[in-house]
Amino acid sequence: METFVQQILNGLVLGSMYALIALGYTMVYGVLNLINFAHGDVLMIGAMVGLSILKMLDAHFPGMSGWLQLAIAILGAIPVTMLVNVLIERIAYRRLRNAPRLAPLITAIGVSILLQTFAMMIWGRSPLPFPQLLSSEPIFIAGAVISQTQVLLLVLAACAMMALVFLVEKTKMGRAMRAVAENPRVAGLMGVDANRVVVTTFAIGAALAAVAGVMWGANYASIQFAMGTVPGMKAFSAAVLGGIGNIYGAMIGGIVLGIIESLGAGYIGDLTGGFLGSHYQDIFAFVVLILVLTVRPSGIMGERVADRA
């Protein structure tokens, strides 16, 4: 039972990061019907910028509280990732909105490679250690162990998701986003500025990715220029699992995928008689993606924009 609880906690932590990234995929798809495969690399940019800020704080303000350093790193990474994502939309995607679907897909892959190359030139190709800012003293829950960093990650993810739901459901910009997702032509006739909505969507997705990126580094203590590829692909799988284009689906899909992957990593050895180890946990995300696409292509919550005019 202790092992089961531990894997559930691990899954919630991992799934929260997947959910934050998946929201960026699903929001962009909702308003543009576009899969931004460079979104995982926005996570990487957020982590790299956060690390650079931490190094500057350590050099100029030694002895600063780890909680405060982490907060400053996240708040500093958010505007940088927002700027990067807005530039991606403006330069790479805006001219391709009416192009055949293959063109934006190829462009997204190209942007991903470009971001990784720039990151490699700026921060190098070797893995970079991410400092441990919070206490390493464990917190025990029903025999399982969770760190302060992981508790903070869960709290930040929950707050970010609630803030996004409030924005989408209760604000004027949220209504505009839902209108563009439902029918961009009619929304334009009703006075909605589609370009402004799209830019806002990219910016919000980037902010969520920045939070996930910094916390990813804080949780795993290491980052590098290609770190966004696998989490990005898994987050896309989570968005598909929940129902691409549905923000609630992205949240649920991320949590479910994280728990499935964590439980799989904990029990795969027993299930395969020791043939496979926990380092094969990556296969679960893609097995789930294949099963969902085969059995229920619309995902758990259903694709809200599947019948867009």
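Remember, it's a predicted structure, so these values are computed and weren't measured experimentally. (Residues numbered from 1 in each chain as written. Predicted model: local features only at pLDDT ≥ 70, side-chain atom pairs only at ≥ 80, totals over all residues. Heavy atoms only, no water.)

Colleague: What is the right way to read the pattern of salt bridges from this model?
Modeller: Pairing is possible between side chains of opposite charge, provided their charged atoms come close. A full pass over the atoms with the stated rule returns three salt bridges. Among the salt bridges present, the one from Glu261 reaches Lys234, with a minimum N-O distance of 2.9 Å. Here the residue Glu261 occupies a position in helix H10 (residues 247-271), and Lys234 occupies one in helix H9 (residues 229-242), the gap between them amounting to 27 residues. Of the two residues, Glu261 and Lys234, both sit in the buried class. Each of Glu89, Arg94 and Arg97 takes part in one network of salt bridges that share partners. (Salt bridge = Lys/Arg side-chain N within 4 Å of Asp/Glu carboxyl O. Helix = DSSP H or I, 4+ residues; strand = E, 2+ residues; numbered from the N terminus. Buried < 20%, exposed > 50% of the residue type's maximum accessible area, 1.4 Å probe, protein only.)

Colleague: Sorry, what's going on with helix H4 (residues 102-123) here?
Modeller: For H4, with 22 residues, the first-to-last C-alpha span of 32 Å sits near the 32 Å given by 1.5 Å per residue. Check the buried side of H4 and you find it contacts helix H2 (39-60), helix H3 (66-93) and H9. Gly124, located one to two residues past H4, shows a positive phi value of around 90°. (Expected span 1.5 Å × (residues − 1). Contact = heavy atoms within 4.5 Å.)

Colleague: Would you explain a nonpolar patch on the surface in this entry?
Modeller: On the surface, a cluster of nonpolar side chains totalling about 530 Å² of accessible area is made up of Phe37, Leu102, Leu105, Ile106, Ile109 and Ile113. Mapped onto the elements, Leu105 comes out in helix H4. Leu105 gets classed as partly exposed once you look at its relative accessible area, which sits at 32%. (Patch = residues over 30% accessible without salt bridge, like charges linked within 9 Å, V, L, I, M, F, W, Y side chains within 5 Å. Areas by Shrake-Rupley, 256 points an atom, 1.4 Å probe, with all protein chains shown as cover.)

Colleague: Sorry, what's going on with the layout of surface pockets here?
Modeller: If a probe as big as a water molecule is rolled over the atoms, it shows which places are left empty. In this structure, the second largest pocket encloses a volume near 280 Å³. In terms of lining residues, the second largest pocket is bounded by 16 residues, among which Trp216, Tyr220, Met227, Val230 and Pro231 are the most central. Ranked by residue count, the leading element in the lining of the second largest pocket is H9, at four residues. Taken together, the residues that form the lining of the second largest pocket break down as nine nonpolar, four polar and three charged. (1 Å grid on protein atoms, 1.4 Å probe; cavity = no way out; pocket = protein on both sides within 12 Å on 5 of 7 lines; lining within 4 Å. Points joined across faces, edges and corners; volume = space filled by probe spheres on them. Nonpolar A, V, L, I, M, F, W, Y, C, P; charged D, E, K, R; others polar.)

Colleague: Is there a simple way to think about H3 in this case?
Modeller: Under the 1.5 Å per step criterion, the end-to-end length of H3 is 39 Å for 28 residues, consistent within 8% with the ideal 40 Å. Capping the start of H3, Ser65 holds a side-chain oxygen 3.3 Å from the backbone nitrogen of Trp67, two or three residues further along. (Polar contact = N/O pair within 3.5 Å; in protein donor to acceptor, adjacent residues only side chain to side chain.)

Colleague: Explain the packing of aromatic side chains here, please?
Modeller: Any pair of aromatic rings gets described here by the distance separating the centres and the angle formed by the planes. Summed over the entire model, instances satisfying the criterion amount to four aromatic pairs. Summarising the aromatic geometry, the rings of Phe37 and Phe236 are spaced 5.3 Å apart at their centres and angled 65° between planes, so their arrangement reads as edge-to-face. Here Phe236 lies in helix H9 and Phe37 lies in the loop between helix H1 (2-32) and H2, a separation of 199 residues in the sequence. With a relative accessible area of 31%, Phe37 lands in the partly exposed category. (Phe/Tyr/Trp six-rings, centres within 6.5 Å; stacked < 30°, edge-to-face > 60°.)

Colleague: I keep staring at the packing of H2 against helix H8 (residues 194-220) and nothing clicks. Help me out?
Modeller: How two helices sit against one another is set out by the angle between their axes and by the gap between those axes. Relative to each other, H2 and H8 sit at 55°, their axes nearing to 7 Å. The angle between the axes of H2 and H8 places the two elements in the oblique class. In the packing of H2 onto H8, the handedness of the crossing is right-handed. Between H2, through His39, Val42, Leu43, Gly46, Ala47 and Gly50, and H8, the contact on the second element is made entirely by Gly205, Ala206, Ala209, Ala210, Ala212, Gly213 and Val214. Partitioning the contact of H2 with H8 into residue classes produces eight nonpolar, five polar and no charged. (Axes fitted to C-alpha atoms, helices over the stretch in contact; angles between N-to-C directions. Parallel < 35°, antiparallel > 145°, perpendicular 65-115°, else oblique. Left-handed = near helix turned anticlockwise from the far one by under 90°.)

Colleague: So what exactly am I meant to see when it comes to unusual backbone geometry here?
Modeller: With glycine set apart, most residues show a phi of negative sign, and most peptide bonds adopt trans. Positive phi is not limited to glycine here, since Asn33 has a value of about 60°. Among the secondary structure elements, Asn33 is positioned in the loop between H1 and H2. If you check the backbone angles, Ala221 has positive phi at about 65° while not being a glycine.

Colleague: Which parts of the structure should I look at to understand the confidence of the model for the chain?
Modeller: Detailed conclusions should not be drawn from predicted coordinates in areas where pLDDT is low. In the predicted model, the chain carries a mean pLDDT of 88, and 94% of its residues have values of at least 70. Below pLDDT 50 for its whole length, residues 304-309 participates in 16 contacts with residues either more than four positions away or in separate chains. (pLDDT = per-residue confidence, 0-100.)

Colleague: Where do I start with the nonpolar core in this structure?
Modeller: In globular proteins that are soluble, nonpolar side chains generally tend to be buried together. In this structure, Leu23, Leu70, Ile88, Tyr93 and Ile223 are the most contacted members of the largest nonpolar core, which totals 96 residues. Sort the elements by how many residues they give to this core and H1 lands first, with 17 residues. (Core = buried A, V, L, I, M, F, W, Y, C linked by side-chain atoms within 4.5 Å.)

Colleague: What exactly am I supposed to notice about the environment of Ala207 here?
Modeller: Here Ala207 lies in helix H8. Contacts of Ala207, omitting those with residues within four sequence positions, involve Ile78, Thr81 and Met82.

Colleague: Just to check I follow, could you spell out the packing of H1 against H2 for this structure?
Modeller: One can describe the packing of H1 onto H2 by two numbers: an axis separation of 10 Å at closest approach and a directional angle of 135°. It follows that H1 is oblique to H2 by the angle criterion. Between H1 and H2 the crossing geometry is right-handed. Residue-level inspection shows Ile21, Gly24 and Tyr25 of H1 in contact with H2, the latter providing His39, Gly40 and Leu43. Counted by class, the contact of H1 with H2 contains three nonpolar, three polar and no charged residues.

Colleague: Explanation requested: the environment of Asn246 in the structure shown.
Modeller: By the element assignment, Asn246 lies in the loop between H9 and H10. Overall, the relative accessible area of 5% leaves Asn246 in the buried class. Taking the C-alpha atoms as reference, Asn246 lies 9.5 Å from Gly299; in sequence the two are 53 residues apart.

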